[in-house]
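So you can see what is in the structure, the chains are spelled out below.
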Amino acid sequence: MSIYAQLAQAMFPNIDKTPAYYEELYPERQLKEGARVVRIAPSPTGYLHLGTFFTSMVNRMTASASDGVFFFRLEDTDKKREVEGGADDILKGMNDFGLTIDEGFVAPGVVKGDYGPYQQSCRAEIYQAYVKCLVEQNLAYPCFCSEEQRQAARELQEQKKDRTGYYGEYAICRTLTPEETLAKVEAGQPYVVRLRSMGSEQNRIKYDDMIKGTIEMPENDEDIVLLKSDGIPTYHFAHAIDDHLMHTTHVIRGDEWISSVPKHIQLFKVLGFKQPKYAHVSPIMVEENGNKRKLSKRKDPQAAMHFYAQQGYPADSVLEYLLTIANSDFEDWRRANPTADRMSFKFNLKKMSVSGALFDLDKLNDVSKTVIARMDAETVTQRVIAWAEEYAPEFATLLKRDMAYTTGVFAIDRGNAKPRKDIGKWNEVQDYVSYFFPELYNNDLELPETIAPADAAAILRAYTTVYDPAQDKDAWFTTVKSICADLGFSPDVKAYKADPTAFKGHVGDVSTVIRIAITGRRNTPDLCSIMQQLGVETVMQRLHTAIETWEN
RNA sequence: GGCCCGUUGGUCAAGUGGCCUAAGACUCCGGCCUCUCACGCCGGCAACAGCGGUUCGAAUCCGCUACGGGUCACCA
């Protein structure tokens, strides 16, 4: 038995499986030619972040566009920063906002697939088997340096203006003889396992990033940590092992990883793994003091997916907005295919922007209004209630009191050729429909300054004598026009504009008075429909209340 | 500071040497549409970071400068 084999055995006495065993356990996937296997691998250190969601969406689109697989792996290797319930929150957010996951964790507490475990904390033996094999070949070694030693080395490096890191002459434990190392291990000294890097600063490596293009960097020469002192792997090592064993073909992740690529390339090479393709996604930014910066969990409420849920943005709105950022021709495609399934859009990593986009709430709102305008009344009713049950329970109760009535409210000016585009998110709905519910109705009868209360009252008195609830929109308007002349208003807007001094106002003013009397507002959707929905009783009652108010 | 990456209107962006007197979308401002608002339509404001080079010709290729971003952990 070689000295390195002895060392490996001393370090991992309980590991008897070999890499070959795992290679056989997780065979090549049987997928059609060109199918991409991608993944999202979040760390459960907090709630679901917009950036993670965005990257997930890009992964989802990439997998679907190639009939591939999108899986979810939990990177729970950092026990210090882990947050209780973090994983479930991330999964729930993905589900709620319409991203389906094919494999791994697909929903809170639901795991499927043959390439698991999909949780790194459950894969310790696998990582250790590979590390053991590396140690046997003298490609990795234990390092006993204390935090203080490393700190001192860093200070020295800074002082000498050298690069920081554990490499070259600074890699003290690398130069220990195997006998010395073995003795320390056997003496029970704590250690981490480092890669014995064969790279050099002088060498340049090149790789093709599917989003950023060709990138050239110095080779990695740092003896990076593979296994932490608790036997748990670092991200770098787990990435290599997991994505190899799970047969990931394309690693699509945030671009903060670019600088680690040399480490990853080296790891794949040392381990004899086939290199996956990389695509680094630029972060979504926010503006502050004239500068861009990444969305911050602490400073920006829009960073959390909870924000969109609370505000009541439909999942489709968020997805379509993010898709617009990801592939800007999506917008044109959507215009040309208003009802098509977005999965049939030809998504392409190569169409993604190289630099980070500023988050634009105005744009999201616009997209969202369009999304909601396309929904039918039943869908809107159902979605609003679902939102309200969670965030505005009293409003939900009100909406559910008479479902037919509520659906009727949302049916106004909807489902026609030019549906209204005035609801952007569900938390705007309560105010938008308030005059349909006595409990919410704000009896605000303030007139425009150009209309005298006495005239307004006269208009309503006249209108009550001709009001016919059975009238359709055209007849309704004809009726409104018919009372204009006697009251001194022009039934024709153009005639009024030609000679404003001849009239008190025009038919628009007359309908405004009625509108205010009925809804308490100057602007509303089609008044005739509103009156029909409200019913004769309510209409007459509001008309009389207004008359009384304006006559006194 | 070292190493990477980026920079087209306020924002998202198309553009890969001549089709660019630079597309489209959002925002904003006008106008039109037999009632208001919204929608829709028409129109408007507004950009190739700077400087040098290569070329008959540059937003597009090269270099430098400036600015911005990322990264330098037993965190991901």
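Located above this text is the structure these notes cover.
Participant: When you look at the protein's contact with RNA strand B in this model, what are you seeing that I'm missing?
Facilitator: Around RNA strand B, the structure places 60 residues, and the nearest of them are Lys228, Glu331, Lys363, Arg420 and Asn523. Close to the protein, within 4 Å, the atoms of RNA strand B are drawn from sugar and phosphate at a rate of 71%. Between a phosphate oxygen of RNA strand B and a side-chain N or O atom of Thr77, the distance comes to 2.9 Å. Arg522 is positioned such that a nitrogen or oxygen atom in its backbone is 3.4 Å from a sugar or linking oxygen of RNA strand B. If one sorts the elements of the surface near RNA strand B by residue count, strand β8 (residues 213–218) sits on top with 4 residues.

Participant: I'm lost on the pairing of β8 in this one. Help?
Facilitator: Pairing of strand β7 (residues 204–209) with β8, which is carried by 6 bridges, proceeds in the antiparallel orientation. Each bridged residue has a counterpart across the sheet, and for Asp208 the counterpart in β8 is Thr214. Counted between consecutive antiparallel strands, the loop separating β7 from β8 contains 3 residues.

Participant: Help me understand the sheet that holds strand β5 (residues 140–143) in this model?
Facilitator: The strands making up a sheet are joined through hydrogen bonds of the backbone, oriented either antiparallel or parallel. Strand order in the open sheet formed by 3 strands is β5-β6-β9, with antiparallel pairing between adjacent strands. Among the strands making up the open sheet, the edge pair consists of β5 and β9 (225–227). Strand after strand, the sheet turns through a mean of 45° between neighbouring axes, direction not considered. Where β5 and strand β6 (residues 192–195) come together, 4 bridges link them in antiparallel fashion. Note on β6: the bridge partner recorded for Cys143 is Val192.

Participant: Got a minute to help me understand the sheet that holds strand β3 (residues 103–107) in this structure?
Facilitator: Strand order in the open sheet made by the 4 strands is β1-β2-β3-β4, with mixed pairing throughout. Strand pairing shows two members of the sheet lacking a second neighbour, β1 (37–40) and β4 (110–112), which therefore form its edges. The mean angle between the axes of side-by-side strands here comes to 40°, regardless of whether they run parallel or antiparallel. Both β1 and strand β2 (residues 69–72) contribute to a ladder of 4 bridges, which runs parallel. Note that in β2 the partner of Arg39 across the bridge is Phe71.

Participant: Which parts of the structure should I look at to understand the state of the cysteines?
Facilitator: As used here, a disulfide is simply a covalent bond connecting the sulfur atoms of two cysteines. Within the structure shown, the criterion is met by 0 disulfides. In this structure Cys145 is a free cysteine whose sulfur lies 3.7 Å from that of Cys173, the closest cysteine sulfur available. For the unlinked cysteine Cys484, the closest cysteine sulfur is that of Cys528, found at 16 Å. Judged by relative accessible area, which is 0%, Cys484 ranks as buried.

Participant: What exactly am I supposed to notice about the packing of aromatic side chains here?
Facilitator: Two aromatic rings are characterised by how far apart their centres lie and by the angle between their planes. Overall, the coordinates contain 26 aromatic pairs when judged by the stated rule. Summarising the aromatic geometry, the rings of Phe307 and Tyr308 are spaced 5.0 Å apart at their centres and angled 90° between planes, so their arrangement reads as edge-to-face. The pair formed by Phe307 and Tyr308 is uniform in burial state, with each residue classed as buried. Ring pairing ties together the aromatic residues Tyr21, Tyr22, Tyr130, Phe268 and Phe273, which thus form one cluster. Directly above the aromatic system of Tyr115 lies the positively charged group of Arg29, at a separation of 4.2 Å from the ring centroid. Here Lys184 stacks its cationic end above the ring of Phe144, 5.6 Å away from the centre of that ring.

Participant: Where do I start with helix α3 (residues 50–65) in this structure?
Facilitator: An α-helical segment advances 3.6 residues per turn. Residues three or four places apart therefore align on the same side. A rise of 1.5 Å per residue sets the reference length of α3, with its 16 residues, at 22 Å; its end C-alpha atoms lie 22 Å apart and thus fit the reference within 8%. Counted residue by residue, α3 has 12 buried out of 16 residues, so it is predominantly covered. Along α3, the positions that sit buried rather than exposed are Leu50, Phe53, Phe54, Thr55, Ser56, Met57, Val58, Asn59, Arg60, Met61, Thr62 and Ala63. Count one or two residues on from α3 and you reach Asp67, which has phi positive near 55°.

Participant: Got a minute to help me understand unusual backbone geometry in this structure?
Facilitator: If a residue is not glycine, its phi is most likely negative; likewise, a peptide bond is most likely trans. Of note, the bond from Gly116 into Pro117 is cis; its omega dihedral lies within 30 degrees of zero at 0°. The topology assignment puts Pro117 in the loop between β4 and α5 (124–136). With a phi close to 55°, Asp67 is a non-glycine residue in the positive phi region. Looking at where Asp67 falls in the secondary structure, it is placed in the loop between α3 and β2.

Participant: Just to check I follow, could you spell out the packing of helix α22 (residues 507–519) against helix α23 (residues 527–534) for this structure?
Facilitator: Each packed pair of helices is defined by two parameters, the angle between the axes and the distance between the axes. Put simply, α22 and α23 touch, their axes get as near as 11 Å, and they point 30° apart. Taken together, the axes of α22 and α23 are roughly parallel relative to one another. The handedness of the crossing between α22 and α23 comes out as left-handed. Contact residues: Ser511, Ile514, Arg515, Ile518 and Thr519 in α22; Leu527, Ile530, Met531 and Leu534 in α23. Split by residue class, the contact of α22 with α23 holds 6 nonpolar, 2 polar and 1 charged.

Participant: Honestly, the side chain of Gln157 in this entry has me stumped. Any pointers?
Facilitator: Structurally, Gln157 is set in helix α6 (residues 147–159). Side-chain polar atoms of Gln157 contact the backbone oxygen of Arg163, separated by 3.4 Å. Among all residues touching Gln157, those that are not within four sequence positions of it are Asp162, Arg163, Thr164, Gly165, Tyr167 and Tyr170.

Participant: Can you walk me through the side chain of Lys425 in this structure?
Facilitator: Looking at the element boundaries, Lys425 is found in the loop between α16 (403–411) and α17 (429–432). Apart from residues lying up to four places away in sequence, Lys425 is in contact with Gln311, Gly312, Tyr313, Asn365 and Ile372.

Parameters at a glance
- The written sequence of each chain sets the order in which its residues are numbered from 1.
- Working convention: letters from A go to chains and numbers from 1 go to ligands, in the order in which they are written.
- Local features in this predicted model are restricted to residues whose pLDDT is 70 or higher, and side-chain atom pairs enter the listing and the counts only when it is 80 or higher, whereas totals over whole chains, interfaces and linings include all residues.
- Side-chain calculation: all heavy atoms of the structure are included, whereas hydrogens and water are not.
- Throughout this document, a residue counts as near a molecule or strand when at least one of its heavy atoms sits within 4 Å of that molecule or strand.
- Any pair of nitrogen or oxygen atoms within 3.5 Å is treated as a polar contact; in protein, a donor-acceptor pairing is required on top of that, and neighbouring residues in sequence qualify only through side-chain atoms on both sides.
- Working definition: helices are DSSP H or I runs of at least four residues, strands are E runs of at least two. Numbering for both runs from the N terminus.
- Only strands that DSSP links by at least two bridges are regarded as paired with each other.
- Each axis is a line fitted through C-alpha atoms, taken for helices only over the stretch in contact, and angles between the N-to-C directions span 0 to 180 degrees.
- Counting rule for disulfides: a pair of cysteine sulfur atoms within 2.5 Å.
- We call a residue buried when its accessible area falls under 20% of the maximum for its residue type, exposed when it is over 50%, and partly exposed in between, using a 1.4 Å probe and counting protein chains only.
- In this scheme Phe, Tyr and Trp rings, the latter by its six-membered ring, pair at centre separations within 6.5 Å, and the angle between planes marks the pair as stacked below 30 degrees, edge-to-face above 60, and tilted otherwise.
- By definition, being over a ring means that NZ of Lys or CZ of Arg is both within 6 Å of the ring centre and within 35 degrees of the ring normal.
- A helix is expected to reach a length of 1.5 Å times the quantity of its residues less one.
- Here roughly perpendicular refers to angles of 65 to 115 degrees, roughly parallel to angles under 35, roughly antiparallel to angles over 145, and oblique to all remaining angles.
- Note: crossing handedness is left-handed where the near helix turns anticlockwise from the far helix by less than a right angle, and right-handed where it turns clockwise.
- Any two residues whose heavy atoms approach within 4.5 Å are treated as being in contact.
- Each residue receives one of three labels: charged for Asp, Glu, Lys and Arg, nonpolar for Ala, Val, Leu, Ile, Met, Phe, Trp, Tyr, Cys and Pro, and polar for the others, Gly being one of them.

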